[in-house]
Amino acid sequence: LRRHMAWNSECPILGDKKYDGGGNAKLLRENGLFLCSNKVTLEHPYFNTANGRKEWVEMKNKGIDPTEFLLRNNFEDGKVRVSEENGVVYIHAEINLPDKFYDF
């Protein structure tokens, strides 16, 4: 990924000691890579199985909104939630960016 970004995309990752291209980027070399995935959405591993879908539908039939009931939490450094879109259940996780992204 590091070499591809530097050579093919001509957009090196900040903080990369080997492929940053020099110049002003050298100033950030000692701060680690400025590369972070702070959001991810995945198909839920259980609620998209036959047994999981059955349980999901049963909650809805009982008047329970599974998206409100399951994993709608905020944490000090992020949040996790569940959604349903076009019959597929997703889990969404998000964390705050590390401080170094705001400090430079």
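As a reminder, the structure under discussion sits directly above these lines.
Along every chain, residues carry numbers that run from 1 in the direction the sequence is written. For a predicted model such as this one, the threshold for reporting local features is a pLDDT of at least 70, and the threshold for listing and counting side-chain atom pairs is 80 or more; totals across whole chains, interfaces and linings nevertheless cover every residue. Hydrogens are left out, water is left out, and the side-chain values use all remaining heavy atoms of the structure.

## Considerations on the packing of aromatic side chains
Convention followed: The pairing test for Phe, Tyr and Trp rings, Trp by its six-membered ring, is centres within 6.5 Å, and the orientation test on the planes gives stacked under 30 degrees, edge-to-face over 60, and tilted for anything in between. We count a charge as sitting over a ring when the NZ of a lysine or the CZ of an arginine lies within 6 Å of the ring centre and within 35 degrees of the ring normal.
This model, assessed by the stated rule, comprises 3 aromatic pairs. Residue placement shows Lys100 over the ring face of Phe34; its charged tip is 4.9 Å from the ring centre.

## Quick look at the pattern of salt bridges
Rule in force here: Between Lys or Arg on one side and Asp or Glu on the other, a salt bridge is scored when a side-chain nitrogen of the former is within 4 Å of a carboxyl oxygen of the latter. Helix and strand definitions follow DSSP, with helices as H or I runs of at least four residues and strands as E runs of at least two, each counted in order from the N terminus. The rule is simple: take the accessible area with a 1.4 Å probe, protein chains only, and divide by the maximum for that residue type; under 20% is buried, over 50% is exposed, in between is partly exposed.
A full pass over the atoms with the stated rule returns 5 salt bridges. We note a salt bridge from Arg2 to Asp16, for which the minimum N-O separation is 2.8 Å. Highlighted residues: Arg2 in helix H1 (residues 2-8) and Asp16 in the loop between H1 and strand S1 (39-43), separated in sequence by 14 residues. Residue Arg2 is classed as partly exposed on the basis of its relative accessible area, which comes to 35%. For Lys17, the salt bridge identified is with Glu30, shortest N-O distance 3.7 Å. Of this pair, Lys17 sits in the loop between H1 and S1 while Glu30 sits in the loop between H1 and S1; the two residues are 13 residues apart in sequence, bridging distant segments of the chain. Both residues of the pair, Lys17 and Glu30, belong to the exposed class. When salt bridges that share partners are traced, they join Arg53, Lys60 and Glu84 into one network.

## Some remarks on the environment of Pro66
Inclusion rule: Residue contacts are defined here by distance: any two heavy atoms, one from each residue, within 4.5 Å place the two residues in contact.
With respect to the secondary-structure elements, Pro66 resides in helix H3 (residues 66-69). Looking at Pro66, the relative accessible area reads 2%, which means it is buried. C-alpha separation for the pair Pro66 and Ser83, spaced 17 residues apart in sequence, amounts to 8.3 Å. Apart from residues lying up to four places away in sequence, Pro66 is in contact with Trp56, Met59 and Lys60.

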